[in-house]
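Structure at a glance
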Amino acid sequence: MRITNAYVIVTSPGRNFVTLKIVTDEGVYGIGDATLNGRELAVASYLTDHVIPCLIGRDAHQIEDIWQYLYKGAYWRRGPVTMSAIAAVDMALWDIKAKAANMPLYQLLGGKCREGAMVYAHANGRDIAEALDRVDYYQEKGFKAIRIQAGVPGLDKVYGVVKGGVYEPAIRAAAPDETPWATEPYLDHAPKLFEAARERFGWDLHLLHDVHHRLTPIEAARLGKSLEPYRLFWMEDPTPAENQEAFHLIRQHTTTPIAVGEVFNSIHDCRELIQNQWIDYIRATIVHAGGITHLRRIAALADLYQVRTGCHGATDLSPVCMGAALHFDLSVPNFGVQEYMMHNAETDAVFPHAYTYADGYMHPGEAPGHGVDIDEELAAKYPYTPAYLPVARLRDGSMWNW
Ligand code: CS2
Ligand code: MG
């Protein structure tokens, strides 16, 4: 089965998405997500200008060889732009192979080893009361796991919190929004949020929290300790992870489970974290970490150390990534949880999909392939609009990690 055509579709039904479509001489086509929030056009160009010309004429069934060809063949290895482009090709080729086999993708990945993927929702509020009302809302919808983020007194903008419900971090503008950060009020406030959550909802609910890279290792250790009484499912991205050794320090001080990796693009970004058992959940995703082929390698390494998966699933990953992730989640032995931040109605219409949610779990559906398609005519109605993630500054004006 030869690749005869491939092209990139950029669409913005509320936020920007980049999709690669690969077409074969047998009429079977596949699609892959190539969205890199705030740097969308760099991946689109990488694919159009440098990858697609090398794909035409290749055997679409040779997924591993094409992966190696794009990874080793670029000479310049790793990096989010390269790995998102490779991921898009990989996802589209797995979609094609599964469609050719007339099977849902999870069957080609070894078959399902669970009936559904437990997902977690996002509850956020400007204060504790508002955040807990959102927890109530999601619990009513059946969620077994809920991430909670609340505003911090004294900070007028906080990661994960927005007026009126759904949090969309990227802002449509020519440059990033500037947000303030101060560690001390946050460290004092976070345990109060989880104390109130346990008081109101009891213990039969998994609670998660995203620190979003704001702390130093010793501050993260202090937060982990102060949250121990509330038995979190995980504390996410407590400190930046370029220096993997930083997690050694956090680990020595706290038993609060740690999740890391939504910004990772390679197994080398998490090798020491996993081998030293400094983390409990690896959050790398299909779109940013080299596709299904590479994420399976990461999961296999993690499985040796009882580290479980917890794929990033924010709305800046398109429904194509969500669909592919659910097949991965169903088939991987060391699955932990899947993030699920619902897309808006416009996005769902552009990307018709087979996946479904019911009572806290998601299922990828039984459609051949990964089960997600793109309505190209509708996609064309939403042209690319520049949008950027915010930046953070300390009170004295110095740049911090957003
Ligand atoms: C987040 C994301 O989902 C998460 O855990 O950290 O909302 C993240 O901020 C965005 O995906 C960044 O693009
Ligand atoms: Mg996160």
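Located above this text is the structure these notes cover.
Presented here is an overview of the structure given in this document.

What counts and how
Residues numbered from 1 in each chain as written. Chains lettered and ligands numbered in written order. Predicted model: local features only at pLDDT ≥ 70, side-chain atom pairs only at ≥ 80, totals over all residues. Heavy atoms only, no water. Helix = DSSP H or I, 4+ residues; strand = E, 2+ residues; numbered from the N terminus. Rg over C-alpha atoms; globule rule 2.2 N^0.38 Å. Buried < 20%, exposed > 50% of the residue type's maximum accessible area, 1.4 Å probe, protein only. Areas by Shrake-Rupley, 256 points an atom, 1.4 Å probe, with all protein chains shown as cover. Lys, Arg positive; Asp, Glu negative; His and termini not counted. Charge placed at Lys NZ, Arg CZ, Asp CG, Glu CD. Donors = N, O, S within 2.8 Å, 3.2 Å for Na, K, Ca; no water. Expected span 1.5 Å × (residues − 1). Arc of directions from axis to C-beta. Contact = heavy atoms within 4.5 Å. Near = heavy atom within 4 Å. Polar contact = N/O pair within 3.5 Å; in protein donor to acceptor, adjacent residues only side chain to side chain. Nonpolar A, V, L, I, M, F, W, Y, C, P; charged D, E, K, R; others polar. Salt bridge = Lys/Arg side-chain N within 4 Å of Asp/Glu carboxyl O. Pairing = 2+ DSSP bridges. Phe/Tyr/Trp six-rings, centres within 6.5 Å; stacked < 30°, edge-to-face > 60°.

**Things to note about the overall build of the chain**
Secondary structure assignment for the chain yields 13 helices and 18 strands. By the compact-globule yardstick of 21 Å for 402 residues, the chain fits well, its C-alpha radius of gyration being 20 Å. Its C-alpha atoms give the chain principal-axis dimensions of about 60 × 45 × 45 Å. When the 402 residues of the chain are sorted by exposure, 57% land in the buried category. Summed over all atoms, the accessible surface of the chain reaches about 15700 Å², with 52% contributed by carbon and sulfur. When the 36 basic and 49 acidic side-chain charges of the chain are each reduced to a single mean position, those positions are 2 Å apart.

**Section: the coordination of the magnesium ion (ligand 2)**
With distances of 1.9 to 2.2 Å, the protein atoms coordinating the magnesium ion (ligand 2) are Asp210 (OD), Glu236 (OE) and Glu262 (OE). Counting the intervening residues between successive donors of the magnesium ion (ligand 2) yields the motif D-x25-E-x25-E. Of this pair, Glu236 sits in strand S9 (residues 234-236) while Glu262 sits in the loop between strand S10 (258-260) and helix H9 (271-275); the two residues are 26 residues apart in sequence, bridging distant segments of the chain. In this structure, Glu236 and Glu262 share a single accessibility class: buried.

**Describing helix H5 (residues 128-140)**
Along its 13 residues, H5 runs 18 Å from first to last C-alpha, staying within 8% of the 18 Å computed at 1.5 Å per residue. Within the span of H5, buried status applies to Ile128, Ala131, Leu132, Val135 and Tyr138. The arc enclosing the buried residues of H5, seen along the axis, measures out at 115°, which places them on a common side. Summarising the contacts, the buried residues of H5 are in contact with strand S4 (117-125), strand S5 (145-150) and helix H6 (183-201). Phi turns positive, to about 100°, at Gly142, one or two residues after H5.

**Considerations on the site of ligand 1**
Neighbouring ligand 1 are 14 residues; His212, Glu236, Glu262, Asp316 and Glu339 lie closest to it. Here an oxygen atom of ligand 1 sits 3.0 Å away from a polar atom, N or O, in the side chain of Asp210. Across the shell around ligand 1, the residue classes break down as four nonpolar, three polar and seven charged.

**Some thoughts on the environment of Asp33**
Position of Asp33 relative to the elements: it lies in strand S3 (residues 29-33). Each C-alpha atom of the pair Asp33 and Asp316 lies 10 Å from the other, and the pair is 283 residues apart in sequence. Among the polar contacts listed, one links the side chain of Asp33 to the side chain of Thr35, at a separation of 2.6 Å. A polar side-chain atom of Asp33 sits 2.9 Å from the main-chain amide nitrogen of Ser318.

**As for the pattern of salt bridges**
Within this structure, the stated rule accounts for 19 salt bridges. Here Glu184 makes a salt bridge to Arg222, at a shortest N to O gap of 3.4 Å. Taken together, the positions of Glu184 in helix H6 and Arg222 in helix H7 (residues 217-227) put the pair 38 residues apart, joining distant regions of the chain. With a relative accessible area of 40%, Arg222 lands in the partly exposed category.

**Section: the sheet that holds strand S7 (residues 178-181)**
Read from one edge to the other, the open sheet built from three strands follows the order S7-S17-S18, with strand pairing classed as mixed. Across the chains shown, the open sheet's two edge strands, defined by having one partner strand only, are S7 and strand S18 (399-400).

**Notes on the packing of aromatic side chains**
Tallied over the full model, the rule gives 13 aromatic pairs. A ring pair is formed by Trp67 and Tyr71, whose centres lie 4.9 Å apart and whose planes are at 20°; its orientation type is stacked. With Trp67 and Tyr71 both in helix H2 (residues 63-73) and four residues apart, this pair spans about one turn of that helix. Take Trp67: its relative accessible area is 5%, and that puts it in the buried class. Owing to a relative accessible area of 10%, Tyr71 belongs among the buried residues under this scheme.

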